[in-house]
Amino acid sequence: MDARAEADADAGGTAVSAVLEVRDLHKAYAGVRAVDGVSFDVQAGSITGLIGPNGSGKSTTIDGISGFQPLDSGTVRLGGADITGMASHRIARAGLMRTFQTVRVYERLSLRENLMIAAQQFDAAGWIDELLRTKRYRGAIAAGEARARELTRMIGLMKYWEAPTGILSYGQKKLVALAAALMPKPRIVVLDEPVAGVNPTRIREVEEVLQTLNAAGETFLIVEHNVEFITTLCHHVIVLDQGRKLSEGSAEAIHADARVLEAYLGVAPELEEAEA
Amino acid sequence: MIVVAGAVLAGILPLVTESNYFIGIGVSACIFTVAAVALNLVYGFTGLLSFAQLGFWGIGGYATSLTVMTFGGNFWMGLVWAAVINAAVALAVGYPTLRTNRHAFVIVTLAFALLVTLIARDWVDLTRGPLGIPGLPAPSLFGFAFRTTASFYYIAWAFAVLAIGFLYALCSSRIGRTLIAIKQNEPLVRAQGISPMPYKLAAFAIGAAVTGMAGGIYAFHLKIIDPLFLDFYYMQAFLIMVIIGGAGSFWGVVAAGIVMSALPEVLRFSNELRMIIYGVILLVAMLAMPDGVAGWMRERKLMRMRAALR
Ligand SMILES: Nc1ncnc2c1ncn2[C@@H]1O[C@H](COP(=O)(O)OP(=O)(O)O)[C@@H](O)[C@H]1O
Ligand SMILES: [Mg+2]
């Protein structure tokens, strides 16, 4: 396990190396307090987990962070800069890439095209370059393809390189969504239930992919239902319940607590979940 | 290859036939196909069902005609005005409307098309109302007047080649692919740092400008413009070409545009019967191939791919 992330987390979460700082988020839907004063940090280079039972506000929290849901109050800082209330595409450009609980891919476009689109906003080629197919454009395409191949190999879907992602299984689409989020090498990748609906035998592969990328310096914030998955993977875990932070600590500490948590929260490693 | 061969073949049409009737169909085919391809950019690629195309077609026709008949300009200047005015109107209409949802967008574009029709009929001082503006003169270039249908065909043909070439460059670029991505999954596009708005606006404005120029050329082919120029028949024709060709398939719509322009003429024995047969062919095509010919072919390819990869 990453000793540095561990140390930072134990220092109380105010370390300068926090890439994402979330403070006192509030969000209510027509009276339902989906998120009710949540604060936490994600340390650079860490894998941080966000767990909690169904309906505890995990998705709402990351929708708020990534600009997909307007927040009632609270602040979000990315790399020290305030991104609260920014449009979702600007937050992505600032370096926060996310996936969705209900998998989203471009079903009619090939795996290659899916990954290329995910990176295109981050290269130097503009509209003029594209129409005229300039050198800068060709350079951007070459770099993007190299990265896309690397990630596709990593998720083991190279044989689907030119296939429309619509023909893939649900679990494979989740992997494509993960690879797409990683394309521009963002500051932080936020994953909403990356292994929900993924074949249990393949969950181990996802763990390996995430560990490899993390070892290469990528930071992750992972929302999951699967406590086993979270506790093996994460350096630091945050537990939500009914829109509030219930506890927070190292994976070991939370794991030791897991039975208590399970009894208290009813958190069970549910793999399938039908939720919008 | 096929495309270049087709374009060249189409270019020599007046050399193969002297029949003004057939060349006239050729003129319509060129212009309607471009309008269909422009609608495909907006609807097929970007997913915006826009009835405003009919309005842009009319504005283009009137702008070109009025440039020549009222404001003392020539045909070519008229086409430039048709493009410029339409792009500006599209930006003004699109900017607020594209923020709403897709259904509201459809309604607003429909209302816009009706508004243009009303202006054409009721702003008599400008458009001469229902009487229309007859006697549109033959365009001329460097002293050569495109008086015959055969010579006018070259204007339509050159316009079709240029417009389709430009739209192909656009649709086959990353911009075109981004438009498809926006249609398929807008939240994902935003999560990848892309703002959908400029893309939608650009597609809408470019579609409007191209449709306007097509309308301008068509008016000078008819040699008259009146409120019938905004008949819903035209909108229906463009939409059918896009649907049959396969929304989002570039060459599918080009092919459908050419075939569907000729089809009503081929079936010309009885006017009523013609429309019925035309309708039946449409219905069967749409039932058998709900995503158009191109969609049907893609589906077959997918099935083969699935079989091969399993
Ligand atoms: N769009 C929405 N409209 C109304 N209520 C919502 C919406 N999204 C979530 N909620 C409610 O907010 C609460 C938190 O939901 P969510 O953030 O999806 O939880 P989780 O991801 O932890 O399962 C739940 O009570 C849910 O019913
Ligand atoms: Mg959720």
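Residues numbered from 1 in each chain as written. Chains lettered and ligands numbered in written order. Predicted model: local features only at pLDDT ≥ 70, side-chain atom pairs only at ≥ 80, totals over all residues. Heavy atoms only, no water.

K.L.:
I tried to follow helix 6 (residues 102–122) of chain B on my own but got confused; where do I start?
P.N.:
Given 3.6 residues per helical turn, the α-helix brings residues three or four places apart onto the same face. Residues and elements named next belong to chain B. Helix length check: helix 6, at 21 residues, gives a terminal C-alpha distance of 30 Å against a target of 30 Å (1.5 Å per residue), a fit within 8%. Where helix 6 is concerned, the buried positions are Phe105, Val106, Thr109, Phe112, Ala113, Val116 and Ala120. For helix 6, the arc enclosing every buried residue in end-on projection is 120°, short of the 170-degree limit, so these residues lie on one face. Relative to its buried face, helix 6 has exposed residues pointing more than 90 degrees away, namely His103, Ile107 and Leu114. Elements in contact with the buried residues of helix 6: helix 4 (52–69), helix 5 (75–97), helix 7 (124–127) and helix 11 (196–222). (Helix = DSSP H or I, 4+ residues; strand = E, 2+ residues; numbered from the N terminus. Expected span 1.5 Å × (residues − 1). Buried < 20%, exposed > 50% of the residue type's maximum accessible area, 1.4 Å probe, protein only. Arc of directions from axis to C-beta. Contact = heavy atoms within 4.5 Å.)

K.L.:
Please explain the packing of helix 4 of chain B against helix 5 of chain B as it appears in this structure.
P.N.:
Between two packed helices, the angle of one axis relative to the other and the distance separating the axes together describe the packing. Residues and elements named next belong to chain B. Here helix 4 crosses helix 5 at 140°, and the two axes come no closer than 8 Å. Considered as vectors, helix 4 and helix 5 are oriented oblique to each other. At the point where helix 4 passes helix 5, the crossing takes the right-handed sense. Contacts from Phe56, Ile59, Gly60, Ala63, Thr64, Thr67 and Val68 in helix 4 reach Phe75, Met77, Gly78, Leu79, Trp81, Ala82, Ile85, Asn86, Val89 and Ala90 in helix 5. Residue composition of the contact of helix 4 with helix 5, by class: 12 nonpolar, 5 polar and no charged. (Axes fitted to C-alpha atoms, helices over the stretch in contact; angles between N-to-C directions. Parallel < 35°, antiparallel > 145°, perpendicular 65-115°, else oblique. Left-handed = near helix turned anticlockwise from the far one by under 90°. Nonpolar A, V, L, I, M, F, W, Y, C, P; charged D, E, K, R; others polar.)

K.L.:
Got a minute to help me understand a nonpolar patch on the surface in this structure?
P.N.:
Residue and element names in this part refer to chain B. A grouping of Met77, Val80, Trp81, Val84 and Ile85 is seen on the molecular surface, where their side chains present a nonpolar patch of about 450 Å² in accessible area. Examined against the element boundaries, Trp81 turns out to sit in helix 5. Trp81 gets classed as partly exposed once you look at its relative accessible area, which sits at 46%. (Patch = residues over 30% accessible without salt bridge, like charges linked within 9 Å, V, L, I, M, F, W, Y side chains within 5 Å. Areas by Shrake-Rupley, 256 points an atom, 1.4 Å probe, with all protein chains shown as cover. Salt bridge = Lys/Arg side-chain N within 4 Å of Asp/Glu carboxyl O.)

K.L.:
Quick question: what am I supposed to make of unusual backbone geometry here?
P.N.:
Phi is mostly negative for residues that are not glycine, and the peptide bonds are mostly trans. Here the phi dihedral of Ala30 of chain A falls at roughly 40°; this positive angle occurs in a residue that is not glycine. With respect to the helices and strands, Ala30 of chain A occurs in the loop between strand 1 (18–29) and strand 2 (32–43). One non-glycine residue, Lys223 of chain B, adopts positive backbone phi at about 70°.

K.L.:
Looking at this structure, I do not really get the interface of chain A and chain B. What am I missing?
P.N.:
By a widespread convention, an interface's size corresponds to the accessible area lost as its parts come together. Contact with chain A, which involves 38 residues of that partner, is made by 31 residues of chain B. Each partner contributes to the roughly 3300 Å² buried at the junction of chain A and chain B, and carbon and sulfur atoms together form 56% of this total. Scanning the region where chain A abuts chain B turns up 8 residue pairs in polar contact (both at pLDDT 80 or more). Elements with a contribution of two residues or more to the side of chain A that touches chain B: helix 3 (88–93), strand 6 (96–98), helix 4 (111–120), helix 5 (127–132) and helix 6 (135–154) of chain A. (Buried area = accessible area lost by both parts, 1.4 Å probe. Polar contact = N/O pair within 3.5 Å; in protein donor to acceptor, adjacent residues only side chain to side chain.)

K.L.:
Explain the sheet that holds strand 4 (residues 73–78) of chain A here, please?
P.N.:
Strand pairing within a sheet occurs via backbone hydrogen bonds; the two strands may be parallel or antiparallel. All names here are of chain A. Pairing in this open sheet of 4 strands is antiparallel, and the strands run 2-1-4-5 from one edge to the other. The sheet is open, and its two edges are formed by strand 2 and strand 5 (81–82), each paired on a single side. Bridge count for strand 4 against strand 5 is 2 bridges, and the pairing is antiparallel. Counted as the bridge partner of Leu78 is Ala81 from strand 5. (Pairing = 2+ DSSP bridges.)

K.L.:
What should I look at first to understand the nonpolar core in this one?
P.N.:
Nonpolar side chains in soluble globular proteins tend to be buried together. In terms of nonpolar packing, the biggest core is built from 93 residues, with Ile31, Phe32, Trp57, Ile217 and Phe250 of chain B touching the most fellow members. In terms of residues, this core owes the most to one element, helix 3 (residues 20–45) of chain B, which gives 14 residues. For Phe250 of chain B, the contacting residues outside a window of four places in its chain are Val37, Asn40, Phe45, Ile164, Leu167, Tyr168 and Cys171 of chain B. Ranked by size, the runner-up nonpolar core spans 48 residues in total, among them Leu111, Ala163, Ala177 and Val239 of chain A. (Core = buried A, V, L, I, M, F, W, Y, C linked by side-chain atoms within 4.5 Å.)

K.L.:
Please explain the coordination of the magnesium ion (ligand 2) as it appears in this structure.
P.N.:
Residue and element names in this part refer to chain A. Only Ser59 (OG) and Gln101 (OE1) from the protein reach the magnesium ion (ligand 2) as donors, at distances of 2.1 Å. You can see Ser59 sitting in helix 2 (residues 58–65) and its partner Gln101 sitting in the loop between strand 6 and helix 4, a full 42 residues away along the chain. Here Ser59 falls in the buried class, since its relative accessible area comes to 18%. (Donors = N, O, S within 2.8 Å, 3.2 Å for Na, K, Ca; no water.)

K.L.:
Can you walk me through the site of ligand 1 in this structure?
P.N.:
All names here are of chain A. In the vicinity of ligand 1, 12 residues are found, and the nearest of them are Gly55, Gly57, Lys58, Ser59 and Thr60. Take Asn54: an N or O atom from its side chain is 3.3 Å from an oxygen atom of ligand 1. Between an oxygen atom of ligand 1 and a main-chain N or O atom of Ser56, the distance comes to 3.2 Å. Look at ligand 1: alone it shows 550 Å² of surface, and the protein chains cover 64% of it. Secondary-structure elements contributing two or more residues to the shell around ligand 1 are strand 2 and helix 2. (Near = heavy atom within 4 Å.)

K.L.:
I'm lost on the pairing of strand 10 (residues 244–250) of chain A in this one. Help?
P.N.:
On a regular strand, each side chain points to the face opposite its neighbour's, so the side chains alternate between the two faces of the sheet. Residues and elements named next belong to chain A. The sheet contact formed by strand 9 (residues 236–241) and strand 10 spans 6 bridges and is antiparallel. Bridging across to strand 10, Leu240 finds its partner in Lys245. Between strand 9 and the antiparallel strand that follows it, strand 10, lie 2 residues; Gln242 among them carries a positive phi value of about 45°.

K.L.:
When you look at the domain arrangement of chain A in this model, what are you seeing that I'm missing?
P.N.:
Residue and element names in this part refer to chain A. Assigned domains within chain A: domain 1 (1–95 + 186–276) and domain 2 (103–185). Summing both sides of the interface, domain 1 and domain 2 together bury roughly 1300 Å²; the carbon and sulfur share of this comes to 71%. Linking domain 1 with domain 2 are 1 residue pair in polar contact (both at pLDDT 80 or more). Counting residues per element, the ones that place at least two in the side of domain 1 that touches domain 2 are helix 3, strand 7 (188–192) and helix 8 (200–215). With 6 residues, the single largest contributor to the side of domain 1 that touches domain 2 is helix 8. Of the residues belonging to the side of domain 1 that touches domain 2, the class tally is 12 nonpolar, 2 polar and 6 charged. (Domains from an automatic or database assignment.)

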